[in-house]
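# Fold and geometry: a report
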Amino acid sequence: MTEETFHITIDGEAAETRKGETLLEVCRRMGKDIPTLCHHAAMEPYAACRVCLVAVVDARGTAMVPSCQYPVSEGLVVETDSADVKEARQVVLELLLARCPRSDVIRELAAKYGVTETPYVSDDPDQTCILCGLCVRACEEVLGIAAIGFSDRGIERKVGTPFEEASEVCIGCGACVTVCPTGHILTVDEDITRKMETWNTELELAACEDCGRRILTVKQLDHVRGKLAEQLPMDRLCPACRRSRTAERMSRIPTVAGDKSPT
Amino acid sequence: MIAPVATKVTSAAELAELRETLVAAGKQYVKTLAVCGGTGCQAYGCQQVIEAFAAELKKQGLDDTVRLRPTGCHGFCERGPLAVIQPAGIFYQQIQLEDVPEVVAKTLAGDEVVERLLYKLPDTKETIEKEHDVPFYAHQQRLVFGANGMIDPTSIEEYIAYGGYAALAKVLSGMSPEAVIAEVLASGIRGRGGGGFPTGKKWEICRGVPGDRKYIVCNADEGDPGAYMDRSILEGNPHSVLEGMLIGAYAVGSDEGYIYVRTEYPLAVKNILVAIDQAREIGFLGENILGGAFSFDVHVSRGAGAFVCGEETALIASIEGRLGTPSAKPPYPAEKGLWGKPTNINNVETWANIPLILSRGSKWFSGIGTENSKGTKVFSLVGKINNTGLVEVPMGITLREIVYDIGGGIPDGRKFKAVQTGGPSGGVIPEELLDLPIDFDALTAAGAMMGSGGMIVMDDRTCMVDVARYFMNFLREESCGKCTPCREGIKNMLEILTRICDGKGEGEDLDRLQKLAAGIKAGALCGLGNTAPNPVLSTLKYFRDEYETHVKDKRCPAGVCTALITLEVVEDKCKACGRCVKVCPTDAISGGKKKVPARIDQEKCIHCRACFETCPFDAITIT
């Protein structure tokens, strides 16, 4: 069966697209600069931050749609750079700038759209969470752990562990830290402890059996082991020690030329 | 009460036979006393009245000849507890416990009317005997809601005797699913929940999507402030909703349905659960309904009362046990809904219309209403209106007829100012549009919307900036917080409105409101956000001068915004009775005794209005 293709127009340019693609995927392939904050290729589209808005034009008029989530269909006419689109993104950026006035990521993105100040009041000038949900989704959708989630509603919405107590299920993998676009989630390794500060959770770091260095939490190690059917050799070593042990072992393999081991 | 049916009904013929038996059994009763047991009348104590009637009928030996029927809501909530005595149609209102023996002795045992319980016309004081002659009812067309007064909602037998499940039998006796959809399409009915999407079209799309499993959902997450029509239909006629869902399920090819209802509606939950049990027992829910191949069953899913869960995708998430937040469309629920399966969602009132359309025909239905809005609509008429209650009117009726002919106008001789329709997603309609024919498109064109049918009437003492602020505050509380424009935008619109009401409005604030409104409308993720700015946009459209007076002159013309009012004594009217002096909490009033008129010290006055409310001579003005 041949793959279904749809012909669409983006900013006047014709584009051939495949069924199931999103506008964002097509736009990026075409080299168009569409900003995103809540989008991550490893996760399902979420369509919440609204900075990726583009305009879909049809007989009924122009509608702003989130390009990260909007599926292509035959004959779609899309604008990614019109005055309407820019204005829609500007309003969103003004609002985000009021929420997180000190976030560099937000300030830079806003400045790109000519928004250097916001007419709206900031409740908490130190706020850096934009509620994009990437951390929550990485933890739940990708890792299947769901240590964190949303609580409250509307402007009071926040991300955290249940009742903001130390999480029993967090494995301290730090995926949330990695995917957070604004650097809101804080973590620090101190001695034998990983502190997931934003989640009020502390985890024990496992020691490498060779060098004693601590880079993974015990829980994360167990989580990874639990996913594997067999036990991997050297899974209690840090990558550096694993490398050196491998090198050492390889050095003991007899060479083709002679059959004595190197000294 | 008709004796419950014990056996299963396995064919249309058996149903017809059962109906005849039930109707014949009902003939033992010479009279029927239908007492409203809706939630409004419950608040007036109708439960005790119903119990008193039961005891009194027994005492006077009438329980074999007079049927006492506790019913759902009759609509005229302003006048509860209500009762109608059939077949004469005598309408009693504001019945108290002590009236019960007299009503039984005079009107039920005899044919005498208890004059003082009749409705009196407010102007002429003339009494009206029959329900259908009371102006509140006379101008209505109660197709969906009328049955509420004719059946006990907890009795499937009464529903059947009234003609219930006949539409289902008709559909299952030879109509193809396509024919059912064609009939619903031809009727022109549009969704009563808010959007006004053609119901038949929705069914057609869902039927056309391939899938081994499809779901039917009844959206009973009614959440607009002041709206309670869906509640009253579920409470008063739950079987009509089930019958509609059964027909819809057959049409789209579904065998499982959900009713999503808020826990704050305990009576609605109770009555629908009773109805489901009865329908299962008799065989209208379950396998091989009426002896055919069609099977269908329903679950009740209770929501925790989040307004956003009325939005289809959030509702689906909530039924699935996830956080009730919307997700972007497309895909639409018809393609990918509950548990990823094609799902057809309609609201309570839409479902309740379906049996009528199928039994009386699309031609009959499409004969009612306007060109693009067919049938009737139930509105909840609340606010500054004499006859608070639920009214069902044909589409195309004017607002003037609803407010004045049915609603009886504005209390206390005040002047009509505007009506808010469509709840927090809707907008206001000003006096100059009182002759607007009410239908989906006319309301949208006027900047309001049909919504689920809330109608809040406002008089000249209502401040439109304050109204907008009220709705934005509601939406701020109810926004789920997922998308930026709705979460942050509504918060900021509310802050601007609060500032304006507090007398701190700035020159650019109105432009800021406009810009934010446009940004939220265009950029929000779901229907809640897309329509959230409507209360502000419509009040700005029709009452911009009122906003400007707040911002520029720092004055609230309606005298509502506390920071912007001045209370003064009109010396000519002041009788120096001293009452205002006594109630003033800040001792701001001097004089007011020994024939010296009272005087308010503006420095000390905190605008609490205690003097204004207390003055018996209207000598205190608010400007």
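Everything that follows concerns the structure shown earlier in this document.
Below you will find a few notes about this structure. (Residues numbered from 1 in each chain as written. Chains lettered and ligands numbered in written order. Predicted model: local features only at pLDDT ≥ 70, side-chain atom pairs only at ≥ 80, totals over all residues. Heavy atoms only, no water.)

### Description of the overall build of chain A
We apply this condition: Segments assigned H or I by DSSP are reported as helices when at least four residues long, segments assigned E as strands when at least two residues long, and all are numbered from the N terminus. As defined in this context, the radius of gyration uses C-alpha atoms, and a globule is described by 2.2 Å times the residue total to the power 0.38. By the convention used here, residues are in contact when the closest approach between their heavy atoms is within 4.5 Å. We score Asp and Glu as negative and Lys and Arg as positive, and we do not count His or the chain ends. In this description, the location of a charge corresponds to atom NZ of lysine, CZ of arginine, CG of aspartate or CD of glutamate.
The number of helices and strands found in chain A is 7 helices and 11 strands. On C-alpha atoms alone, chain A measures out to a radius of gyration of 24 Å, which is more than a quarter above the 18 Å that the 2.2 N^0.38 rule sets for 263 residues. Projected onto its principal axes, the C-alpha coordinates of chain A cover approximately 80 × 50 × 30 Å. Pairs at least 24 residues apart make up 48% of the contacts formed inside chain A by residues separated by at least 6 positions. Counting 31 positive and 42 negative side-chain charges, chain A places the centres of these two groups 6 Å from one another.

### Brief notes about the environment of N346(B)
All names here are of chain B. Cut-off, in case you're wondering: Buried means the residue's accessible area, taken with a 1.4 Å probe over protein chains only, is under 20% of the maximum for its type, while exposed means over 50%, and partly exposed covers the values in between. N or O atoms within 3.5 Å of each other form a polar contact, as long as, within protein, one can give a hydrogen and the other can take it, and as long as residues adjacent in sequence are counted only when both atoms are side-chain atoms.
Mapped onto the elements, N346 comes out in strand β10 (residues 343-347). For N346, a relative accessible area of 4% corresponds to the buried category. Residues N346 and Y470, spaced 124 residues apart in sequence, show a C-alpha to C-alpha distance of 28 Å. Leave out the neighbours within four places in its chain, and N346 touches T199, K202, W203, V217, C218, N219 and W351. A distance of 2.9 Å separates the side chain of N346 from the side chain of W203, its partner in a polar contact.

### Details of the sheet that holds strand β2 (residues 13-18) of chain A
All names here are of chain A. The condition is simple: Each pair of strands is called paired provided DSSP finds at least two bridges between the two strands. Lines are fitted to the C-alpha atoms to define the axes, a helix being fitted only along its stretch in contact, and any angle between axes, read from their N-to-C directions, falls within 0 to 180 degrees.
Ordered by their spatial adjacency, 5 strands build an open sheet running β2-β1-β5-β3-β4, and the pairing between neighbours is mixed. Each edge of the sheet is formed by a strand with only one pairing partner; in this case those strands are β2 and β4 (61-66). The average angle at which neighbouring strand axes cross in this sheet is 35°, direction not considered. In the sheet, strand β3 (residues 53-58) pairs with β4 via 6 bridges, with the strands oriented antiparallel. Each residue of the ladder has a partner; that of L53, found in β4, is P66. Here helix α2 (residues 83-99) sits on the sheet in contact with β3, β4 and β5 (77-79), set at roughly 145° to β3.

### Focus: the pattern of salt bridges
Put simply, the rule reads: Here, a salt bridge means any Lys or Arg side-chain nitrogen found within 4 Å of an Asp or Glu carboxyl oxygen.
In the structure shown here, the tally under the stated rule is 56 salt bridges over all chains. Of the charged contacts, one joins E21(A) and R29(A) as a salt bridge, the two residues approaching to 2.3 Å between their closest N and O atoms. The class of E21(A) is buried, set by a relative accessible area of 7%. The salt bridge involving D466(B) is made with R469(B); its shortest N-O contact spans 2.8 Å. With D466(B) and R469(B) both in helix α18 (residues 464-478), this residue pair falls 3 residues apart, about one helical turn.

Note that every value here comes from positions in space, so none of it alone points to a role or purpose.
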